[in-house]
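# A look at the structure
Read off the chains here:
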Amino acid sequence: MTDGPYKLPEGWRWVRLGEVCRINPRRPRLQLEATEPTAFVPMAAVDDERGEIVSSEVRPFEQVRQGYTYFEEGDVLFAKITPCMENGKSAIAKNLLNGFGFGSTEFHVLRPSDSVFSEWIWLFVRRKDFRKAAKAAFRGGVGQQRVPAEFLKEALIPLPPLSEQRRIVAKVEALMARVREARRLRAEARKDAERLIQAALAEVFPRPGQDLPIGWRWVKLGEVATNERHSIDPRRFADEEFLLYSIPAYDKGMTPERVYGKEVGSNKLLVKAGQCLFSKLNPRIPRIWVVETSDSRRQIASTEFMVLTPSTKSIDLSYLATALASEVFLDQVRTDVTGATGSRQRLKPDRVLGALIPLPPLEEQRRIVAYLDKIQRQVTALKHVQAETEAELRRLEQAILDKAFRGEL
């Protein structure tokens, strides 16, 4: 029997992951039509907070059959490259077309044997201590460091009987459901903070048809900004590092992700400092992102954004962003959308560019921005408290996992 770092409950034993999982198993021969729809999972499709595949793609078989990682239903995907691994990008492959799929070459695949559940493996690799040990085993140069397969094969994992695994997984899921509920309440508090901003915007911006103060005028967005669409296929630059502005990154805190070209699954838009990103997706939730970073890395954005560049010196970039966030503007563009109801609705770019915004003199624009910045600082303080709550929730999650694998749940 293999000795481990701590004593296990009776009936449990220490095993190596390579004993209970096949690490990166060989791909079988697949006889499929070139056009057969096939599941594809880029790295960005894995949510590091929830450990789930949230936005997989469907591609023709001929586009993914070579050069990507193969996996099957129930396999555990584990990011091997920095910083994705440290961030917790891991997931169980579920509900795959034809029972298999392809994904980023930066995934390790763990295929559980009959002695272990996928959920048990997945919960184990999501532990902070495991990821810390994986980081210590990194190989490769700076920015290209990866977890070697040998580390996974040799890593020790506690293994209780299947019945005990099932019981503990169910207990962990029940506890994590409470954590998710706490996160939901935190998200509601965040919405309340955003409503404070909207109230301030409503105070500042007149509505179309209302009389404007002296020196103000109504303009169409397209008169003062252009929608830039310079695209790039990051896959052509597999080992180049990019800054990616994506919808998930915005929702997690408006910090662009560091990604390599090989991790990005489709064309993206080139962006640069001095531009404003305006999300077309889900018009009920405005997402406006001012690109301020001048970086040696190329900066790219999801095609779900419009990339707006001021085309005249008569408008301040920060004022443009605040005008786009106002209900005065959003009410105009939400009336004409594409797609089904709900979160998959999209705004029409022509409609966005044709919507009206009030344009005061530059000095007044800057005064408005300064006033709203003061309100924003209050909102930021509220969000800081929420961030501290999130840190506590993350510590609670890890405490739950630690107890689970010590047999204390």
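We now turn to the structure provided with this report. (Residues numbered from 1 in each chain as written. Predicted model: local features only at pLDDT ≥ 70, side-chain atom pairs only at ≥ 80, totals over all residues. Heavy atoms only, no water.)

Attention shifts here to the nonpolar core. Within the largest apolar cluster, 43 residues are counted, with the highest numbers of intra-cluster contacts made by F78, L110, I121, F130 and V172. Leave out the neighbours within four places in its chain, and F130 touches L17, F78, F124, V125, F151, L152 and A155. (Core = buried A, V, L, I, M, F, W, Y, C linked by side-chain atoms within 4.5 Å. Buried < 20%, exposed > 50% of the residue type's maximum accessible area, 1.4 Å probe, protein only. Contact = heavy atoms within 4.5 Å.)

On to empty space enclosed by the protein, then. A complete count under the given rule lists two cavities of 30 Å³ or more for this structure. Space inside the largest cavity adds up to approximately 40 Å³. Taken together, ten residues make up the lining of the largest cavity; nearest its centre are F278, S279, I285, P286 and L347. Looking at the lining of the largest cavity, its residues break down into seven nonpolar, two polar and one charged. Taken as a whole, the second largest cavity holds about 30 Å³ of empty space. Within the lining of the second largest cavity, the residues separate by chemical class into four nonpolar, no polar and three charged. (1 Å grid on protein atoms, 1.4 Å probe; cavity = no way out; pocket = protein on both sides within 12 Å on 5 of 7 lines; lining within 4 Å. Points joined across faces, edges and corners; volume = space filled by probe spheres on them. Nonpolar A, V, L, I, M, F, W, Y, C, P; charged D, E, K, R; others polar.)

Turning our eyes to something else, we now look at the packing of helix α4 (residues 118–125) against helix α7 (residues 162–204). To describe two helices that pack against each other, one gives the angle between their axes and the distance between the axes. Contact geometry for α4 and α7: axes closest at 9 Å, N-to-C directions at 55°. Taken together, the axes of α4 and α7 are oblique relative to one another. Every pair of crossing elements has a handedness; the one defined by α4 and α7 is left-handed. Contacts from E119, W120 and L123 in α4 reach Q165, I168, V169 and V172 in α7. Counted by class, the contact of α4 with α7 contains five nonpolar, one polar and one charged residues. (Axes fitted to C-alpha atoms, helices over the stretch in contact; angles between N-to-C directions. Helix = DSSP H or I, 4+ residues; strand = E, 2+ residues; numbered from the N terminus. Parallel < 35°, antiparallel > 145°, perpendicular 65-115°, else oblique. Left-handed = near helix turned anticlockwise from the far one by under 90°.)

Purely geometric numbers; function is a separate question.
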